[in-house]
Amino acid sequence: MSFLFNQKKDVAKKTGEKIDMSNIPQHIAIIMDGNGRWAKKRGLVRSLGHRAGMEAVKRVVKASSEIGVKYLTLYAFSTENWKRPVDEINSLMNLLIEYLGREIDELNRNNVKINFIGDISKIPDKCKSKIEEAEKITMNNSGLVLNIALNYGGKDEIVNAVKNICKSILEGKLNLSDIDENVVSNNLYTAGQPDPDLIIRPSGELRISNFMLWQSAYSELWFSDILWPDFDKENLIDAIADYQKRNRRFGGI
Ligand code: FPP
């Protein structure tokens with residue numbers, strides 16, 4: 001069933017009571033944290049925390065699309081997450097395959113464009129083929145852009161951008177004097193996208209953890225004690241309402 005079109009007006013009315021629908025952050029990025037603690041609190045294995053986290057992903061993608069967010073970036077697996085036990089890594093990769101397999105049709109029907117950011121070359125082949133398939137199926141969609149950050153690290157992304165820029169110079173396609181902030185931005189995984197207006201981190205941790213280091217220069221940050229598997233539309237609306245109270249000066253007065 002299409003989640004977007006039927007109820008769009010009702011949703012706008014209900015959410016509009018809490019948030020200003022004319023000032024929705026264009027790009028929201030989320031550090032999905034707390035799956036392990038959510039599972040531990042219930043005496044469950046960590047993989048079940050991640051599975052519950054996948055349900056939160058579904059809720060938040062649906063809500064973002066309904067609210068009219070243009071870009072949603074979800075931090076699914078960092079360059080540092082390879083340090084986790086191999087079973088946990090495998091269960092995360094399998095969960096992603098399951099998510100794409102089950103959700104792709106509905107995401108596509110709802111005009112969501114799936115885009116992976118990160119070094120996908122290191123991802124296991126069975127997962128990589130699902131990723132490529134999901135990107136291909138949704139490539140012409142014009143609704144919400146869903147960036148899934150996988151094997152993503154902000155430092156790694158900048159190193160990769162530096163390498164690309166150096167290569168262009170060595171090939172004579174770019175001069176040193178041409179390098180400016182736009183050139184760097186255009187060599188990041190998020191090339192062509194606006195920087196996140198709002199970065200959300202649930203679970204009580206107060207850090208950025210190598211997430212969108214360049215792009216977060218002027219992002220508003222919103223932290224909460226909620227564990228990611230409990231995160232829902234109301235929490236997203238609370239974060240947006242808080243964002244709307246901020247006075248964004250971008251270094252001006
Ligand atoms: C951090 O919580 C979470 C992750 C490293 C994985 C996030 C993945 C999902 C939500 C699974 C589904 C994703 C998609 C895109 C379908 P943690 O395990 O570090 O929690 P803890 O700090 O409580 O241990």
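Preceding this paragraph is the structure being described.
A brief report on the enclosed structure follows. (Residues numbered from 1 in each chain as written. Predicted model: local features only at pLDDT ≥ 70, side-chain atom pairs only at ≥ 80, totals over all residues. Heavy atoms only, no water.)

To continue, consider the site of the ligand. Met 32, Gly 36, Arg 37, Arg 46 and Arg 84 are the nearest of the 17 residues found near the ligand. One of the backbone nitrogen or oxygen atoms of Asn 35 is found 3.2 Å away from an oxygen atom of the ligand. Within the side chain of Arg 84, one N or O atom sits 2.7 Å away from an oxygen atom of the ligand. Among the detected pockets, the ligand sits in the largest pocket. At the level of secondary structure, the elements contributing two or more residues to the shell around the ligand comprise α2 (35-41), α3 (46-67) and α4 (86-109). Looking at which element gives the most residues to the shell around the ligand, the answer is α4, with four residues. Broken down by class, the residue content of the shell around the ligand amounts to seven nonpolar, six polar and four charged. (Near = heavy atom within 4 Å. Polar contact = N/O pair within 3.5 Å; in protein donor to acceptor, adjacent residues only side chain to side chain. 1 Å grid on protein atoms, 1.4 Å probe; cavity = no way out; pocket = protein on both sides within 12 Å on 5 of 7 lines; lining within 4 Å. Sits in = over half its atoms within 2 Å of the grid points. Helix = DSSP H or I, 4+ residues; strand = E, 2+ residues; numbered from the N terminus. Nonpolar A, V, L, I, M, F, W, Y, C, P; charged D, E, K, R; others polar.)

Quick look at the layout of surface pockets now. Of the volumes computed, that of the largest pocket is approximately 730 Å³. Met 32, Asn 35, Tyr 75, Ala 76 and Asn 81 are, among the 32 residues lining the largest pocket, the residues nearest its centre. Listed by contribution, the elements that provide at least two residues to the lining of the largest pocket are α2, α3, β2 (71-78), α4 and β4 (145-152). Looking at the lining of the largest pocket residue by residue, the class counts come to 16 nonpolar, eight polar and eight charged. (Points joined across faces, edges and corners; volume = space filled by probe spheres on them.)

A surface patch of nonpolar side chains, amounting to about 240 Å² of accessible area, comprises Leu 44, Val 45 and Leu 48. With respect to the helices and strands, the residue Val 45 is situated in the loop between α2 and α3. The exposure class of Val 45 is exposed, given its relative accessible area of 52%. (Patch = residues over 30% accessible without salt bridge, like charges linked within 9 Å, V, L, I, M, F, W, Y side chains within 5 Å. Areas by Shrake-Rupley, 256 points an atom, 1.4 Å probe, with all protein chains shown as cover. Salt bridge = Lys/Arg side-chain N within 4 Å of Asp/Glu carboxyl O. Buried < 20%, exposed > 50% of the residue type's maximum accessible area, 1.4 Å probe, protein only.)

Another point: unusual backbone geometry. Positive phi is not limited to glycine here, since Asn 111 has a value of about 70°. Mapped onto the fold, Asn 111 is located in the loop between α4 and β3 (113-117). One non-glycine residue, Met 212, lies in positive phi territory at about 45°. Mapped onto the elements of the fold, Met 212 is located in the loop between β5 (198-201) and β6 (220-223).

We now examine the side chain of His 50. Secondary-structure assignment places His 50 in helix α3. Under the relative-accessibility criterion, His 50 is labelled buried at 7%. The residues touching His 50, leaving out its near neighbours within four places in the chain, are Asn 35, Arg 84, Glu 88, Leu 92 and Leu 95. (Contact = heavy atoms within 4.5 Å.)

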